[in-house]
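Fold and geometry: a report
These are the residues of each chain, in order.
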Amino acid sequence: MSPIFVVIIGLLGLAVGSFLNVAVSRVPAGLSVVRPRSACPQCATPIAARDNIPVVSWLLLGRRCRACRVPIPARYPLMEALTALLFAAEALRFGRSEMLPAALVFTAGLLALAACDAELFLLPLRLVYPTLGLTAACLLAAAAATGQWQRLGVTAACGVGAFALFFALHWVRPVWLGFGDVRLAGLLGTGLGWLGPSYFVFALLAGSAAGLLLAIALMAAGRTTRHTRLPFGVFLAAGAIAALLVGAPVIHWYESASDPYTMGAPLTAVRR
């Protein structure tokens, strides 16, 4: 893959990350992400173009608003840098393939949802549904370009199946999952279904394991108890992004390890 292409996608990630910061700040409050222009939340001074360069402006301003000198939260440059890093990683992973646009849209939406869940324990519909719609549109275009309509059918089935699974869990024990997590599961199934159902399973297992390990670590440190609420959407989103980037070798290894024809099975079993 051309390094220039990866750099361009990474720079696109910086710009998208800046927009995601706006979405995370405004969407939960029911505000427009278009108007008014970005301003300091403390003094309401509009942010000049020179102070709106992703990551760089935050560093040059000494992490403070130019007008009122109130500290600018670290979430802003972190979101921009993380989006750029993940976009570049996915450019390396998928190259100029039909999956790349869907992966980028999917990842951007997951980052915004994870930030909202981490800060507010909220997975806004105004982020879930646009991400789902744009991801599905990208995959539809991929199917039209490659003729892989059966793969698109698997994608739709994964989305519906993931939603149904989490809906059942929510119905049995509502305290386990909020309904926002149910909607998020449908998004994850759709975004990962193009690669195969195993990728959703990987995301679910990886996200659950990460959440469990963090909960155990926090309880061991005396920071939380068994009844402390954790933003499960953050871990599901992290698991889904991990599935995109590193799921393939893990899934291929598991499939090879579970195949008797590649495990040194007895000759009689092979003959059958």
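All of these numbers come straight from a predicted model, not from anything done at the bench. (Residues numbered from 1 in each chain as written. Predicted model: local features only at pLDDT ≥ 70, side-chain atom pairs only at ≥ 80, totals over all residues. Heavy atoms only, no water.)

**Structural notes on unusual backbone geometry**
Our working rule: Each helix is a run of H or I in the DSSP string that is no shorter than four residues. Each strand is a run of E no shorter than two, and both are numbered from the N terminus. Throughout, exposure labels follow a simple rule: accessible area from a 1.4 Å probe, protein chains only, divided by the maximum for the residue type, with under 20% read as buried, over 50% as exposed, and the rest as partly exposed.
Each neighbour pair has its own omega, and for Arg35 with Pro36 the value is -5 degrees, a cis peptide bond. Within the chain, Arg69 stands out as a residue other than glycine whose phi angle is a positive 65 degrees. Its place among the elements puts Arg69 in the loop between helix H2 (56-60) and helix H3 (75-94). By relative accessible area, which is 40% here, Arg69 ends up partly exposed.

**Examining the packing of helix H1 (residues 3-26) against H3**
Note the cut-off: Only the stretch in contact is used when a helix axis is fitted, and all axes are lines through C-alpha atoms; the angle between N-to-C directions ranges over 0 to 180 degrees. A crossing counts as left-handed when the near helix is turned anticlockwise from the far one by less than a right angle, and as right-handed when that turn is clockwise. Each residue is assigned to one of three groups, with Ala, Val, Leu, Ile, Met, Phe, Trp, Tyr, Cys and Pro labelled nonpolar, Asp, Glu, Lys and Arg labelled charged, and all others, Gly among them, labelled polar.
Interhelical geometry of H1 versus H3 gives an angle of 140 degrees and a closest axis separation of 7 Å. Both H1 and H3 take part in a crossing whose hand is right-handed. Here the residues of the contact of H1 with H3 sort into 16 nonpolar, seven polar and two charged.

**So, the environment of Thr190**
Put simply, the rule reads: By definition in these notes, contact holds between two residues if any of their heavy atoms fall within 4.5 Å.
Relative to the assigned elements, Thr190 resides in helix H7 (residues 179-193). According to the relative accessible area criterion, Thr190 is buried, its value standing at 12%. Residues Thr190 and Thr135, spaced 55 residues apart in sequence, show a C-alpha to C-alpha distance of 7.8 Å. The residues touching Thr190, leaving out its near neighbours within four places in the chain, are Leu132, Leu139, Thr155 and Gly159.

**With respect to the nonpolar core**
It is characteristic of soluble globular proteins that their nonpolar side chains tend to be buried jointly. To keep things clear, this is the line we draw: The term nonpolar core refers to a set of buried residues drawn from Ala, Val, Leu, Ile, Met, Phe, Trp, Tyr and Cys, joined through side-chain atoms within 4.5 Å.
Counting 57 residues, the largest nonpolar core has Met99 and Leu110 as its most contacted members. Taken together, the elements giving at least two residues each to this core come down to H1, H3, helix H4 (100-120), helix H5 (125-146), helix H6 (149-172), H7, helix H8 (197-220) and helix H9 (232-257). By residue number, the principal contributor to this core is H4, which donates 13 residues. Once you skip the residues sitting within four places of it in the chain, Met99 turns out to touch Phe94, Leu139, Gly191, Trp194, Leu195 and Leu244.

**What about H3?**
For the α-helix, the turn length of 3.6 residues means that residues three or four positions removed from each other point alike. What counts, and what does not: Between the first and last residue of a helix there are one fewer steps than residues, each counted as 1.5 Å, and that sum is the expected span.
Taking 1.5 Å as the rise per residue, H3 with 20 residues should run 28 Å; its terminal C-alpha atoms sit 28 Å apart, in good agreement. Every buried residue of H3 is accounted for by Arg75, Pro77, Met79, Glu80, Thr83, Ala84, Leu86, Phe87, Ala88, Glu90, Ala91 and Phe94. Next to the buried residues of H3 lie H1, H2, H4 and H9. At the exit of H3 stands Gly95, carrying a positive phi of roughly 60 degrees.

**Examining the pattern of salt bridges**
Condition: The salt bridge criterion pairs a side-chain nitrogen of Lys or Arg with a carboxyl oxygen of Asp or Glu, the two atoms within 4 Å.
Applying the stated rule across the entire model yields two salt bridges. Across the pair Asp51 and Arg66 runs a salt bridge, and its minimum N-O distance is 2.8 Å. Of this pair, Asp51 sits in the loop between H1 and H2 while Arg66 sits in the loop between H2 and H3, and the two are 15 residues apart along the sequence. Accessibility expressed as a relative area gives 14% for Asp51, which makes it buried.

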